Amino acid sequence: KITLKFLTTEKENQYFDRKSARIDIKEVAKHISAFANASGGTLVIGIEDKGSLTGFTDVGSSKVDKFKRVPFDFLKSTPIIKTEVIDITNTKLKDDILLIYHIEPSVKRVIRTTSDDVYLRIGDQSRRLTHDEITNLEYDKGERHIEEEIVDRSSIADIDTKLLGEYKNIIKTNLSDKEVLEARGLLIDNKLTLAGILLFSKSWSMNSLNKSL
């Protein structure tokens, strides 16, 4: 069970962060994204970085409901998350509250903000990922598969038509080469996928593939 002492004294780390209730609502989304894309964690709202219990009195308790809506309003896909409100006495000795997010790791999906940014919790920081880092994260979570990648400089002209013809005989189809490839996701927007290249191409080398992916 998370105690008030833990919330105010624990060092911010890979699994824990605290924020003032004055934080911009949209900023919370990036921290939720970061925890969900990593190993999960706990985010508490209403405590200053140094542990002071400022709660929600200065910003209005109605803001709690807006914070609760953050995963639904500012994330494109919602991770498994529980919110908890606990009663406290703040630094002004007034009755107040804290809001706690308990965020589960997202195993099969990359959690994006509504602005299409992706964050990852690294140490005590929520870091925005680059395009290449997002791609690697998609592979890690099984959201993207290397064989489905489109090979930019390819076309149906790279297909070994004899080999594809033998395949069409096996599956007993009268569809055109293009229709067969598209139906199996091997040709997209007139470009071959990596799987299409590996299965049916006649001249691509691994060096050419590396340059085109």
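Here, the structure is the one placed above.
I will try to describe carefully the structure that is included in this document. (Residues numbered from 1 in each chain as written. Predicted model: local features only at pLDDT ≥ 70, side-chain atom pairs only at ≥ 80, totals over all residues. Heavy atoms only, no water.)

## Observations regarding helix α2 (residues 25-37)
Note the following rule: Starting at the N terminus, helices and strands are each numbered in turn, a helix being any DSSP run of H or I of at least four residues and a strand any DSSP run of E of at least two. In a helix, the anticipated span is given by 1.5 Å times the number of residues less one. Note on exposure labels: buried denotes an accessible area under 20% of the residue type's maximum, exposed denotes more than 50%, and partly exposed covers the range between, all computed with a 1.4 Å probe on protein chains only. Throughout this description, a polar contact denotes any pair of N or O atoms lying within 3.5 Å of each other; where both atoms belong to protein, one of them has to be capable of donating a hydrogen while the other can accept it, and for residues adjacent in sequence the pair is counted only when both atoms sit in side chains.
With 13 residues, α2 extends 19 Å between its outermost C-alpha atoms, agreeing within 8% with the 18 Å of an ideal straight helix rising 1.5 Å per residue. For α2, the tally of buried residues reaches 10 of 13 residues, placing the bulk of the element in the interior. Every buried residue belonging to α2 is among Ile25, Val28, Ala29, His31, Ile32, Ser33, Ala34, Phe35, Ala36 and Asn37, and all of these are buried. Between a side-chain oxygen at the N-terminus of α2 and the backbone nitrogen of Lys26 the separation is 2.8 Å; the capping residue is Asp24.

## With respect to the pattern of salt bridges
In plain terms, the rule: By definition, a salt bridge exists where a carboxyl oxygen of Asp or Glu is found within 4 Å of a side-chain nitrogen of Lys or Arg.
Counted by the stated rule, this structure contains 12 salt bridges. Between Glu182 and Lys178 there is a salt bridge, with the nearest N and O atoms lying 3.4 Å from each other. Linking Glu182 with Lys178, this pair stays in helix α7 (residues 177-183), spanning 4 residues, or about one helical turn. According to the relative accessible area criterion, Glu182 is partly exposed, its value standing at 37%. Assessed through its relative accessible area of 36%, Lys178 is described here as partly exposed. Because the salt bridges share partners, they merge into one network encompassing Asp17, Lys19 and Arg121.

## With respect to the sheet that holds strand β2 (residues 41-45)
This is how the line gets drawn: A pair of strands is considered paired only if DSSP assigns at least 2 bridges between the two. Axes here mean lines fitted to C-alpha atoms, for a helix over just the part in contact, with angles spanning 0 to 180 degrees between N-to-C directions. Contacts were defined at the residue level, with two residues in contact if any of their heavy atoms lie within 4.5 Å.
Pairing within the open sheet is mixed, and its 4 strands lie in the order β1-β2-β4-β3. Pairing within the sheet leaves two strands with one partner each, and these edge strands are β1 (16-19) and β3 (81-89). Neighbour-to-neighbour, the strand axes of this sheet turn through a mean angle of 20 degrees, independent of strand direction. Across 4 bridges, the pairing between β1 and β2 is parallel. If you follow Arg18 over to β2, its bridge partner there is Val44. Docked against the sheet, α2 engages β1, β2, β3 and β4 (95-103), running at close to 165 degrees with respect to β2.

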